[in-house]
Every structure is written in C-alpha cells, then in structure tokens.
Amino acid sequence: MATTILDATHDPEKPRKPLQLIAYKVTLTLYRVFAIVTLYAVLAGILSYAFVMGFYAINSSWAAPLILSASDEKSLDFMQKLVISRQSIEDLKVDVIRQQTTLAEMDKYRASLLALGRELQTAITSKQNHDQLTGPELAALDKQKQADNRKTQKVLIQIHQIDAQIKSDLAAGLITKGDAATQLAALNQANTDYTDSRIADVMLSDSVLDKTTVGTKTLEVLEKQADLHSDIAQLDVTLSVAQKQLQEDNRQIDRLHDAITIAKQSPYYLNASGDKRLYFAFVPYDNQANATVGAPIYDCYLNMAFCRKVGTVKQIFLGEQVINHPIFKNQIRGLTILMDLSRPESAKSQTVFMGRKPLFF
Amino acid sequence: MAPILLWLIMFLCLVISVVKYLMGLILRLSFPSIKIRKDYTWQPTVSVLLPCYNEGRTVYNSIESISKCNYPNDRFEVIAQDDCSVDDSHEWMLKAQRDFTNISIRVGRNDFNCGKARTVCNALQGSSAEIIISIDSDCIFHPDAIRELTACFAEPGIGSVGGRVGVSNPNDNVITAIQTIVYYAAFELYKIPENMTRSVCCISGCLFAIRRELLLEIEPTLRARHWFGIPVNQGEDRFLTHQTLMRGYGTYINNDALCWTAVPTKLSVLFNQQLRWRSSILRDLFYTLRSLPTHVFKLHPNTIFTMVLTPLGAVIALLMVITMLSTNPLAWAGPEPLVVYLGIAAAFTWAIKKYSVRETIKHPLAFGAYIAWSLASSLFITPLALLTFDSGDWGTRAKAPEEVPIGHNNP
C-alpha cells in the first residue's frame, strides 16, 4: 500500500483545501482500519471454516444431539401409528372371538347333520333289508290274489245268470219280493267283494313294485340324503375358510404385538410415552464404532475444543435415522442413541463427542 | 425480503450474461452486418503510446512487432514512456529505438512513478496524431492491427476502437487454458451484442484506439482520478471506454485487429491481475450508480445493464457463495457444475480450434478447474477488491521481472 496522497494527481496551481485533505486522511484511515480488520476477520473465518470442514471430514466420534418433543411431527406420527396398531389388535381380537363362536356353532351344526345323515342311512338300509325280505313274499301273495280274483270273476259270471233266474222267478211268482231282494242283495255283495278284491290286488301290486324296484319314494329319500351330504360338504368348506381366517387373524395379532414390542424400543416411543425428559443423539454409521453403551460423552466449545464430560451413552437404537450433516448439510444415515446427560443443556449443542475428547483437551 | 431481492438480482445478472452470450452467438451467425463499416483508404496519423513498467525485454519485442506493421511508416509513430521501471525496461526501449529505425520511436521517462493512466497521459503530451493507440507493453501485435483499428474510425460517431486480444501461451498450464477460453468467449461472444449497439463497455488496454481530441478532452479527468486523494492508476481502459460513451461517442471492438498477450501462468499473478480488474470494475460500478440518471438518459439500455448488473453480479456472487457454503458446503462439489463447465469447455475448445488455430487448447478438460477458480474468485477477489481501493500499483507488474541483459535474444 505504498501510495502517495494527491501529489501525483492534483493540479499544482490549485492547492487542495487543508480541510479536504484532513477529511481524506480521516476517511482513508478509517477505511484502512476497517479493511484490515475485515480482511483479517475474513481470513480467520476462512481458516476456521476450512479447519472445521477438515476436522469433521476426518473425525469419527461426533454425534448430533436431537431434541425430540412429544409434539414432534415424527413422534406424533409414530404415536398415531402405534394407536392405530393397538386399535387393529383390539378389532382383530373381537373378530377372533366372533369367529371362534361361529366356528363352534358350525361344528355343532355339522355334528347334527352328520347324525341325521347316519340315521337316514340306517333307515334306508333297514327299509331296503325289510323290502328284500317281504317283497318276494308279497309278490307271491299278489299272484295268489290274482288267481283268486280270476276264480271269483268266473263265479260272478255264474251269479249274473242267477240274477236273471231270480228276476224270472219273481216275475213267475215263484219267489216273493222279499226273497228276491235278499237274493239280489247277496249277489250285489258278491260283486262288491270282487271289486274290493281287485282294488286290493292293484294295491298289492303297487306294494310289490315298491318293495322290489327303486321307486319315486326311494329316490326322494336318496335326494334328501344327497342334499344332506352337500350341506355337510359346504359346511366343511366354510369351516376350513373360517379356521384359516382365524389363524391369519391370530398371526396378524402376533405380528402387531411384535411390531409394538419393537416400536417400544424406538426413541420416539420412549420420548412420547415417558414422563422424564430424554436426550437423544444421532450417530452416523461411520462413527458407530464409538457408540457403545456406557461410553462417555463430551461437549465442546466451538464444537471441537475445551471439552468436558457431560454424560454417557445409555442405549443404542438400531433403527435407521437420516438427517442433514450438522456441518456439511448433506444427508447422512446413521442410528440414534439415548444419552444420560448430567448437563441437559448439552442436548442443545450442535455436536457432542463419544469416547474421548476430539482434540485431547 | 432481502434474500428474495438477492436472488432476483442474481437471476437477472445470470440472465443478462447468458442472454448476452447467446445473443453474441446468434448475431455472429445471423447478422454479419453488425460489423462496422471500415475504410482502409482513410489513413490518419497515429501515435502508438506504449506505457511501460518493469517489462524488461518484453517491451522490446512489443516495439519490434509494431515496427513490422503494414501501416504506412510515415503515418505513425511509437511513443514509449517508462514509468520509472526498476529493471532495465528503459534500456530495452532505447535499444528498440536504435534497432527499428524504419519507424519513428520516441522514448520518454516519467519523473516519478505515477501509474499507467498518467503514463499514458504523459506520453500523449508528445503526440499530435489524429488517432491515439494505447497498447500494453507485453503484447505482440499483428501487422494489420493499426490498419484495422484506424479503418473503423471511418464510421461517424465512433470514439474508441479496441482490438482482439489473443492468448499466446494457451497450453502452458491449466491456468492459461482457462484464460484462453475466457478471453475467446469474451471477445467472440460476450462483446458482440455490445458491438451491435456500438457501446462496448470495456475496451482492453492491450489495444485501445481513440480519437485524439476525445482523449485530450478526457485526459484531465483521467489524470485527476483519485480515491480520497489516492491516485487511481488501475482500469484506465475501462474508464476511457466509459468516458467515451458518456460523451456520446460509440465504442467498438474490431476482432480483426489482433494482438497477443502472454497470460499469467502462476495463480498468484493471475490473482493480482484479476484483483486489479475487479477493482476497476467495482470503481466503475460505483461511478455508474453515482450518476445513474445521467447514464439512463445517455446510454443504450444494453450498456447500462452491462455496466450495472455485471459488476453487481460479482458482488452478489460473493454473498451467494457464502450463503451456499454455509448452508450446503458440498453443493458445489457435485458433478453438475463440473459437467456444465466441461460441456462449455468442450464447445469453446472446438470453436477455438476451428476459428483461432493459434490458441488451440490441448487439454480442454482443464476447464473443469474453472469451478475452483470461480469459487476463489467470488470468495476472495471481490471482497479484497472492495477493501483495497487505496492500492495504486501496477498490479501484475509491481515486482520487477528477472533481468535479461540487453542484447540477449529470446529463443
């Protein structure tokens, strides 16, 4: 800054006013003081910045304290999910009970259907056995009946001739009207008996047909038996589905219980559910080796020097956490630790250090 | 509010820059008529002013290259003015005077070291030519340079004409490769839209032609430049260009008027040079802002935008870089800036190889290092320039170069 004030520039014929010279000198002095201070400040800032960048690029023991509040977005989200999970478990339990009741009812119904089926089968079998026994005998009786009827029919033909004889005898006055009426009534009775005998024969034939062949009644019974089997089969399918659903619901309940158990190990759960204020910190994976339970925690001035022990690592949560690097601001992955802090204000520091003092003082 | 304003200004600066480069490309390809009307038959008398400080043998080479120019020897002269060099520059000037007798060479010396601007003014005292060409003493000139410059004054209203400055050492190292591309882009693209409106904002002091009467009019102001009493010796080229425009004359850069300069090969030298340039840019910005209404009425909007937004961009870039580094220090380390810069470098390298063979760059990938330079430039040079306005030295020539005995020829 070897400079000459004014002498080289101003017109010698126009000397500058002393006041202006003084003003220039004062301004220049102030400017130079400001410039020197600023430049040194900038230089110091740049060097500090470079040192901090380099320090955090190679240091592997830092952790970034996280202050989680119950109203924290993640905590709220977490608790909301937890409540939903618990509600789901309760809903599933109700479903399970309902399904178990339904299953029991269905089992009972199935048992009654099976019993009915067995009784029906027994009835069918006994009837078939009875028919096998009585069918041939009834057929033989039917044949005999038919033979009897034929004989009766021949007799009736003769009776018709007697009827004509009675009427001629009556007309000839050989018999009284009373006798004639009595004789005609007897003849009529014989006809009626014959007709009854024919009817009995026809009915006997039906019975023989029923007992010796598969008739409509038998088919109806068999149809009912088939319906019964179908009902049981459908019930089996329904039962099987219901049992699987029940198993699935039980598994879902187990899974939700497991998830809640794991969730209870989350810092967000602890933070949201506990009464005590908890202090967490983010540890990048690169620094994970230094994050051991019981390791001392140091808080430092200027994020690196004049450190003092402020607590220990209490718990390590394995769930992954992603945050922005406190210095580089890029996204980094890591895990969360719970700190047992003797100086709670250290939770507000930008970084803390695990294991040892980073610069040994 | 402040950050939004900051972003807005930065955005405008970037847009202006990008638009100017694109405009330059379009105008070059589509409107050859933007070139000035030249008249080679008009051959005014010319004085080539050669201010010199600690250039050593280089000044001899410069005078030698001028002596070989094809302008009529009786129509021009060289006035070499030494600003009390601490090396043997003056001896080299005298030697050139003795050796190149085909042209008129006058050698003078200041009574005391007073900086380049005043050295030019002192040299001007001995001139009576119609056109004054001020040159840098470390440049080598094309034989057509003077002819090309004077031919442009045939267009009425042109007050100052500049030449195209090429890089004579593009492949010395990464630093020179970067500068080659920057120089090429500036002259072949950035200044083309300014050429169209005859309002180039800064004609390089390496090759600066101006009408004598205009320079005489400006000279008192140039001599009187000071900053709270401290003489301002830097950025006389920008100042002269600005003053030319403010007096209603046009300015133009004739890319056919060539000269070659060896750009700094060392980072420290480049830093000093850039600091000097940035300082003059900022001075110019403050001058423009101080008399903005006058500028608005007198100058083309393109000129005002360039004069205000370009330097303002430099200041804001500093704030942006600081903000960027403090909020996301690794943002600049991503591949995107590198890819962009390498893409630009590849395009310019191709263009240079095709249109300016002498400046062909062997290692265009080196331009990737421009990212680092941009950061350094934004972070250090702008604040340093703002805080060293009281510096009045010759910048890159502040220290004496190694002495070369007179009579020792360059290889």
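Going by the structure above, here's the rest.
Residues numbered from 1 in each chain as written. Chains lettered and ligands numbered in written order. Predicted model: local features only at pLDDT ≥ 70, side-chain atom pairs only at ≥ 80, totals over all residues.

J.: Hey, could you go over the overall build of chain A for me, with residue numbers and the actual values?
T.: Secondary structure assignment for chain A yields 5 helices and 6 strands. When burial is assessed residue by residue, chain A has 13% of its 361 residues classed as buried. (Helix = DSSP H or I, 4+ residues; strand = E, 2+ residues; numbered from the N terminus. Buried ≥ 20, exposed ≤ 12 C-beta atoms within 10 Å, placed from the backbone.)

J.: Talk me through the environment of T195(A); I want residue IDs and the actual numbers.
T.: Residues and elements named next belong to chain A. Examined against the element boundaries, T195 turns out to sit in helix α3 (residues 177-212). For T195, a count of 12 C-beta atoms within 10 Å gives the class exposed. For the pair T195 and N149, spaced 46 residues apart in sequence, the C-alpha separation works out to 9.1 Å.

J.: Help me get a handle on the packing of helix α2 (residues 73-172) of chain A against helix α4 (residues 216-263) of chain A, residues and values and all.
T.: Residue and element names in this part refer to chain A. Where α2 contacts α4, the two axes come as close as 8 Å, and the packing angle between them is 160 degrees. Relative to α4, α2 is oriented roughly antiparallel. Here the hand of the crossing between α2 and α4 comes out left-handed. Class assignment of the residues belonging to the contact of α2 with α4 gives a composition of 24 nonpolar, 15 polar and 7 charged. (Axes fitted to C-alpha atoms, helices over the stretch in contact; angles between N-to-C directions. Parallel < 35°, antiparallel > 145°, perpendicular 65-115°, else oblique. Left-handed = near helix turned anticlockwise from the far one by under 90°. Nonpolar A, V, L, I, M, F, W, Y, C, P; charged D, E, K, R; others polar.)

J.: Report on the sheet that holds strand β10 (residues 250-261) of chain B, specifying residues and quantitative values.
T.: Residues and elements named next belong to chain B. With respect to topology, 8 strands assemble into an open sheet ordered β3-β2-β1-β4-β7-β6-β10-β5, the strand pairing being mixed. Looking at strand neighbours, the two that pair on one side only are β3 (104-109) and β5 (139-141), the edges of this open sheet. Going across the sheet, the axis of each strand differs from the next one's by a mean of 30 degrees, ignoring polarity. Bridge count between strand β1 (residues 46-52) and strand β4 (residues 131-135): 4 bridges; the pairing is parallel. Across the sheet, residue S47 finds its bridge partner in β4, namely I132. Sitting on the sheet, helix α8 (residues 212-224) touches β4, β6 (158-167) and β7 (207-211), and the angle it makes with β7 is about 95 degrees. (Pairing = 2+ DSSP bridges. Contact = placed C-beta atoms within 7 Å.)

J.: Just give me the short version of the pairing of strand β2 (residues 279-284) of chain A, but keep the residues and values in it.
T.: Residues and elements named next belong to chain A. The element β2 is largely enclosed, with a buried count of 5 among its 6 residues. For strand β1 (residues 62-66) and β2, the ladder comprises 3 bridges, and the chain directions are antiparallel. In the sheet register, A64 faces β2, and the bridge partner there is F282. As paired elements, β2 and strand β5 (residues 331-341) share 6 bridges and run antiparallel to each other. In the strand pairing of β5, F280 is matched with L338.

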